[in-house]
Amino acid sequence: MGGLGNQMFQYAAARAIANRNGIPLFLDDHSGFVRDTVYKRTYELGKFPIQAQIANFESKIQYLAEKIIEKVIGAHKSSLNNRFLWTVLEENQLRYIDEISKYKITKNTLMHGYWQTEKYFEDIKELIALELMPLEPAESKFLEYGQMMDSCNSISLGVRLFEEVPGGSKEGVGGLTDISFFNESAKKLSKELVDPQFFVFCTTNSVELEKLQLPGQVHLITHDNGFHGTLERLWLYTKCKNHIIANSSFYWWGAWLSEQKNPNSKIIASPNFSNKDTIPSRWLSRLD
């Protein structure tokens, strides 16, 4: 469910559990999108070399049956919920749940949640990086900017304005990361890097971006400037060497995948992520 970044977290957490238990993983590419009439998200992991099968009709019926049970007896209060024929692993709090990682599977198991922390898959992070690294795009514009990022002290700014959120409400996603956060973070990184160049990722050339005060050359990577394609943009994001990210799972994955190739990456993440375990301890989440 959700967009590409959320789907990547869900896959990574489930892949790790399946790997530890030595069992196959099945992905439901349908049920989580049926009611997504506002954002109209769709399954997007099909172009990655992931190790999972698409769930069959029987498995999807189990998910539907579980939803009916929930309506009858109420929502899950525990992270581990045993039924007669299956078990449900539920993200019942927005923190890392240790018992989920340690769970030993003995029967069909359904997972439901966002699982937005690398703690669920730290033990197989090399494998996850291999399976979720986007392929190089064919479009010359992306390749040109990728080479540019390789050749300089590149810093990405992942700016999310939440213009797609109905009614403009941003409370459910941690709140808007103010432009001042990007300005202060850029100032901090510019003291550590020689002649940095800034690559601003955003959906549109919003007037909000005019508030950016960046100490170096600036490039706008937006739909308005011809940078279309979710996977293509994610690939380009991984080409940057350093990152300043808003509370977005898409930008989180761009920075994390980049870090797997460049362990010395400097990453500053907005403290507005809903799950406080989302930001790895080695990243900066505040500037004090």
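Right, let's walk through the structure included here.

What counts as what
- Residues numbered from 1 in each chain as written.
- Predicted model: local features only at pLDDT ≥ 70, side-chain atom pairs only at ≥ 80, totals over all residues.
- Heavy atoms only, no water.
- Helix = DSSP H or I, 4+ residues; strand = E, 2+ residues; numbered from the N terminus.
- Rg over C-alpha atoms; globule rule 2.2 N^0.38 Å.
- Buried < 20%, exposed > 50% of the residue type's maximum accessible area, 1.4 Å probe, protein only.
- Areas by Shrake-Rupley, 256 points an atom, 1.4 Å probe, with all protein chains shown as cover.
- Lys, Arg positive; Asp, Glu negative; His and termini not counted.
- Charge placed at Lys NZ, Arg CZ, Asp CG, Glu CD.
- Core = buried A, V, L, I, M, F, W, Y, C linked by side-chain atoms within 4.5 Å.
- Contact = heavy atoms within 4.5 Å.
- Axes fitted to C-alpha atoms, helices over the stretch in contact; angles between N-to-C directions.
- Parallel < 35°, antiparallel > 145°, perpendicular 65-115°, else oblique.
- Left-handed = near helix turned anticlockwise from the far one by under 90°.
- Nonpolar A, V, L, I, M, F, W, Y, C, P; charged D, E, K, R; others polar.

1. Structural notes on the overall build of the protein chain
Turning to step 1, where the next piece is worked out: Scanning the protein chain from N- to C-terminus turns up 8 helices and 10 strands.
Turning to step 2, where the next piece is worked out: For 288 residues, the compact-globule estimate of 2.2 N^0.38 gives 19 Å, and the protein chain sits close to it at 20 Å.
Turning to step 3, where the next piece is worked out: Over its C-alpha atoms, taken along the principal directions, the protein chain stretches across nearly 60 × 40 × 35 Å.
Turning to step 4, where the next piece is worked out: Looking at the 288 residues of the protein chain, the share that counts as buried comes to 48%.
Turning to step 5, where the next piece is worked out: Roughly 14400 Å² of accessible area belongs to the protein chain as shown, and the carbon and sulfur atoms make up 51% of that amount.
Turning to step 6, where the next piece is worked out: Taken as two groups, the 32 positive and 34 negative side-chain charges of the protein chain have centres that lie 3 Å from each other.

2. Some thoughts on the environment of Asn-262
Turning to step 1, where the next piece is worked out: On the secondary structure map, Asn-262 appears in the loop between helix 8 (249-261) and strand 10 (267-269).
Turning to step 2, where the next piece is worked out: Each C-alpha atom of the pair Asn-262 and Asn-242 lies 8.9 Å from the other, and the pair is 20 residues apart in sequence.

3. Digging into the nonpolar core
Turning to step 1, where the next piece is worked out: Residues Phe-121 and Trp-253 are the most contacted members of the largest nonpolar core, which totals 53 residues.
Turning to step 2, where the next piece is worked out: Listed by contribution, the elements that provide at least two residues to this core are helix 1 (4-21), helix 4 (125-132), helix 5 (140-150), strand 7 (196-201), helix 7 (230-239), helix 8 and strand 10.
Turning to step 3, where the next piece is worked out: Considering each element in turn, this core owes the most residues, 10 residues, to helix 1.
Turning to step 4, where the next piece is worked out: With near-sequence residues (within four places) excluded, Phe-121 lies in contact with Phe-9, Ala-12, Ala-13, Ala-16, Arg-20, Ile-128, Trp-252, Trp-253 and Trp-256.
Turning to step 5, where the next piece is worked out: Residues Ile-155, Leu-161, Cys-202 and Ile-244 belong to the second largest nonpolar core, which totals 19 residues.

4. Considerations on helix 7
Turning to step 1, where the next piece is worked out: The buried fraction of helix 7 is high, at 8 of 10 residues.
Turning to step 2, where the next piece is worked out: If you check which residues of helix 7 are buried, you get Leu-231, Arg-233, Leu-234, Trp-235, Leu-236, Tyr-237, Thr-238 and Lys-239.

5. Observations concerning the packing of helix 1 against helix 8
Turning to step 1, where the next piece is worked out: Relative orientation of the contacting elements helix 1 and helix 8 amounts to 60 degrees, with a least axis distance of 7 Å. Classed by the angle they form, the pair helix 1 and helix 8 counts as oblique. Handedness of the crossing formed by helix 1 with helix 8: left-handed. Contact with helix 1, carried on its side by Leu-4, Gly-5, Asn-6, Met-8, Phe-9 and Ala-12, involves Ser-249, Phe-250, Trp-252, Trp-253 and Leu-257 of helix 8 and no other residues of that element.
Turning to step 2, where the next piece is worked out: The residue inventory of the contact of helix 1 with helix 8, partitioned by class, reads 8 nonpolar, 3 polar and no charged.

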